[in-house]
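# Reading the structure
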Amino acid sequence: MTMAAAIEGQTADARAWPTTARRIAGVDIFHDLSAAEAIWRGFETSTHSFTPYQRFDFLAAWQRQVGERERLRPFIVVAHDSERRPLLLLPLAIESGWGAQRASFMGGKHATFNMALCDKDFAANATEADLSALVGLIAERSRVDALALHQQPLRWQDQPNPLALLPHQPSVNDCPLLVMEPGAAPATLISNSFRSRLKGKARKLQLLPGFRYYIATESADISRLLDWFFRVKPQRMAEQKLPDVFAEPGVEQFIRAACLTPLGDGPRHVIDIHALECDEEVIAIFAGVADGHRFSMMFNTYTMSGNSKYSPGLILMRDMIDRHAGENYRAFDLGIGADEYKRLFCKDDEAIFDSFIPLSLRGRLAASTMSSLNRTKRAVKHNAALLEIAQNLRSMFR
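Bear in mind the structure is a predicted one, so any value in this text is a computation, not a measurement. (Residues numbered from 1 in each chain as written. Predicted model: local features only at pLDDT ≥ 70, side-chain atom pairs only at ≥ 80, totals over all residues. Heavy atoms only, no water.)

### Some points on the side chain of Asp130
- If you trace the backbone, Asp130 turns up in helix H4 (residues 128-141).
- It is Arg23 that comes nearest to the buried, bridge-free Asp130 among opposite-charge side chains, at 6.1 Å.
- Within polar-contact distance, the side chain of Asp130 engages the backbone nitrogen of Thr127 at 3.0 Å. (Helix = DSSP H or I, 4+ residues; strand = E, 2+ residues; numbered from the N terminus. Buried < 20%, exposed > 50% of the residue type's maximum accessible area, 1.4 Å probe, protein only. Lys, Arg positive; Asp, Glu negative; His and termini not counted. Salt bridge = Lys/Arg side-chain N within 4 Å of Asp/Glu carboxyl O. Polar contact = N/O pair within 3.5 Å; in protein donor to acceptor, adjacent residues only side chain to side chain.)

### Side note on the environment of Leu361
- Along the polypeptide, Leu361 turns up in helix H11 (residues 361-381).
- Overall, Leu361 belongs to the exposed group, its relative accessible area being 76%.
- Residues Leu361 and Ala100, spaced 261 residues apart in sequence, show a C-alpha to C-alpha distance of 9.8 Å.

### Digging into the pairing of strand S7 (residues 73-80)
- For S7, the buried fraction is high: seven of the eight residues fall into the buried class.
- Judged from the five bridges that link them, strand S5 (residues 26-30) and S7 form a sheet pairing that is antiparallel. For Gly26, the partnering residue across the bridge sits in S7 and is His80.
- Looking at chain direction, S7 and strand S8 (residues 86-97) are connected through eight bridges and run antiparallel. Among the inter-strand pairings, Ala79 is bridged to a residue of S8, identified as Leu88.
- From the end of S7 to the start of S8, which pair antiparallel, there are five residues, and Arg84 there has a positive phi angle of about 65 degrees. (Pairing = 2+ DSSP bridges.)

### As for the environment of Ala79
- If you trace the backbone, Ala79 turns up in strand S7.
- Residue Ala79 is classed as buried on the basis of its relative accessible area of 0%.
- Leave out the neighbours within four places in its chain, and Ala79 touches Ile24, Gly26, Val27, Arg85, Pro86, Leu87, Leu88 and Leu134. (Contact = heavy atoms within 4.5 Å.)

### Notes on the sheet that holds strand S20 (residues 331-333)
- Strand order in this open sheet of seven strands is S16-S17-S18-S19-S20-S15-S21, and the pairing throughout is mixed. Only two strands of the sheet have a single neighbouring strand rather than two, namely strand S16 (212-215) and strand S21 (348-350). Neighbour-to-neighbour, the strand axes of the sheet open up by a mean angle of 30 degrees, direction not taken into account.
- Alignment of strand S19 (residues 294-302) against S20, held across three bridges, turns out to be parallel. (Axes fitted to C-alpha atoms, helices over the stretch in contact; angles between N-to-C directions.)

### With respect to the layout of surface pockets
- Approximately 250 Å³ is the volume found for the second largest pocket.
- Lining the second largest pocket are 13 residues, with Gln157, Leu177, Arg294, Ala331 and Glu350 sitting closest to its centre.
- The set of elements that each furnish at least two residues to the lining of the second largest pocket consists of strand S12 (155-156) and strand S15 (175-179).
- Here the residues of the lining of the second largest pocket sort into six nonpolar, two polar and five charged. (1 Å grid on protein atoms, 1.4 Å probe; cavity = no way out; pocket = protein on both sides within 12 Å on 5 of 7 lines; lining within 4 Å. Points joined across faces, edges and corners; volume = space filled by probe spheres on them. Nonpolar A, V, L, I, M, F, W, Y, C, P; charged D, E, K, R; others polar.)

### Some remarks on the nonpolar core
- Counting residues in each nonpolar core, the largest one holds 52 residues, and the members touching the most others are Trp40, Phe58, Ile255, Ile271, Ile273, Ile285 and Phe299.
- The contacts of Phe58, once residues within four sequence positions are left out, are Pro52, Tyr53, His110, Ala111, Phe254, Val270, Ile271, Val289 and Met298.
- Listed in part, the 31 residues of the second largest apolar core include Val27, Phe122, Leu131 and Ile357. (Core = buried A, V, L, I, M, F, W, Y, C linked by side-chain atoms within 4.5 Å.)

### Here we look at the side chain of Ser142
- As for its position among the elements, Ser142 is in the loop between H4 and strand S11 (146-153).
- Residue Ser142 is classed as buried on the basis of its relative accessible area, which comes to 16%.
- A distance of 2.8 Å separates a polar side-chain atom of Ser142 from the backbone oxygen of Ile138.
- Here Val144 takes part through its backbone nitrogen, which lies 3.4 Å from a polar atom of the side chain of Ser142.
- Once you skip the residues sitting within four places of it in the chain, Ser142 turns out to touch Ile29 and Phe75.

### A few points about the packing of aromatic side chains
- Using the criterion set out here, one finds eleven aromatic pairs in the structure.
- Considering the side-chain rings of Phe58 and Phe254, the 5.4 Å spacing of their centres and the 90 degrees angle between planes classify their relative orientation as edge-to-face. One end of the pair, Phe58, is in helix H2 (residues 56-67); the other, Phe254, is in helix H8 (residues 251-260), and 196 residues separate them in sequence.
- According to the relative accessible area criterion, Phe254 is buried, its value standing at 0%.
- Centre to centre, the rings of Phe194 and Phe345 are 5.4 Å apart; their planes meet at 50 degrees, and the pair counts as tilted. Of this pair, Phe194 sits in helix H6 (residues 192-206) while Phe345 sits in the loop between helix H10 (340-343) and S21, and the two are 151 residues apart along the sequence.
- Of the residues examined, Phe194 reaches a relative accessible area of 6% and is grouped as buried.
- One aromatic cluster is present, built from ring pairs that chain together Tyr53, Phe58, Phe113, Trp156 and Phe254.
- Stacked on the ring of Tyr302, the Lys or Arg Arg236 has its end atom at 3.9 Å from the ring centre. (Phe/Tyr/Trp six-rings, centres within 6.5 Å; stacked < 30°, edge-to-face > 60°. Lys NZ or Arg CZ within 6 Å of the ring centre and 35° of its normal.)

That is the geometry; function is a separate question.
Have a look at this one:
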C-alpha cells in the first residue's frame, strides 16, 4: 500500500510498507451509532487506551446534536485480528471538502484530543505493517478519499498512540500541560509566590455570603450553571471580538446532554462542571473531561459583575489543580493553544500531531492541500510578526 502525507514540514515521499507480521486481519465499518454502541463501549475498559473525548456518550451526543445538523455521516472503523478480536476503533465521520470525501474524528472543535480506542497490548506492540493494513482495508471497504486525523497526542497515559506510526506532521498548536507527580508538594504545582497572590484575591471572594467551590453533581445545579454560562459567554466573546462558537447549531444541546449524562454509577458526568459561586451569583465555571489520570478543560467563563476584578478564573483553576492532585491525577491541561493564562499553570508542552492520508487519487490532492494549509497555519501561529498581521487582517474583516 502506498501512502503519502506531510512530515515535519515536508511532504513525505510515497512509500510501500510491508504487509507481513501484522495483527490486523480485517475491518468492520459502521454508519450507525446504535449498531456500533456495544462494541464501542467494550473498548471503554481498563484494558484499553482511549481519551475521555472518545467515550461513546461524549461523541454520540456530539454526532446527534451537531454532526447530524452538519450532515456528517458516522464512519466507525473497527479493526480485528484473524480470530475477530477487536483491536482498535476509529470514531470518524465523513464530510465533503477539498473536492473529496474525507473522514475525520467525530467531535469537531469540541474534542481537544483525538485518538483511536485501542486494546493496550495492540497499542504497545503495533507495527507499521498493522497501520498499512488498516489504511489499505479502509480504502478497499469504503469510498472515502482521504483521512484527516487532527490533534492527536503521541501518547495517552503510559500508552503510545499507534496512529503515530502513520506519516504525520505537527498540529497547528501544541498543548500546554501541567505534569503532576504523585505526592508532589503544592509549591511544585503552583509556586508559593503565585499562591500568595491568589490567596489575597480569594479572601475578597470568601467574604461573599455562601461563597463555595464545588463540582456540580445534581441535575438542577448543572442546568442552572449552564443557563448562566449560555447567557454570559456570548457577552464575553463579544467583548473580545470573537465569534460565538457556542451559538452554532446544536452546540448548546450537545453540551447540555454531555454535562447531564452520568459517568457510570458515580457522581461524575461525561463533562464535569467546576464552579465558584455565592448566594447572589455564579462567579466562574470551568468544564472539562476527566478519566482518573488527567483533567482536560473544554470551556469556561466568569462573572460580568465587579467580582471579576478578583481573578475568579485563576482562583478556580488553583482549586481545581489542588483537588485533582489530591485525587492522584497525573496531568492537567487547559486546552490546546498558547493563551497567556494557561502558561501561569501549565509549564510543559505536549506535542500534538495531524495525519492526512490519501486513500484514492482524488484524495491525494485533498490530503496534500490540507497538509499544506495546516503547515502554513502552524508557521503563522509560531511567528509573532505573522500572527500579528493575521490578527489585524481578521479584525478588519470582522
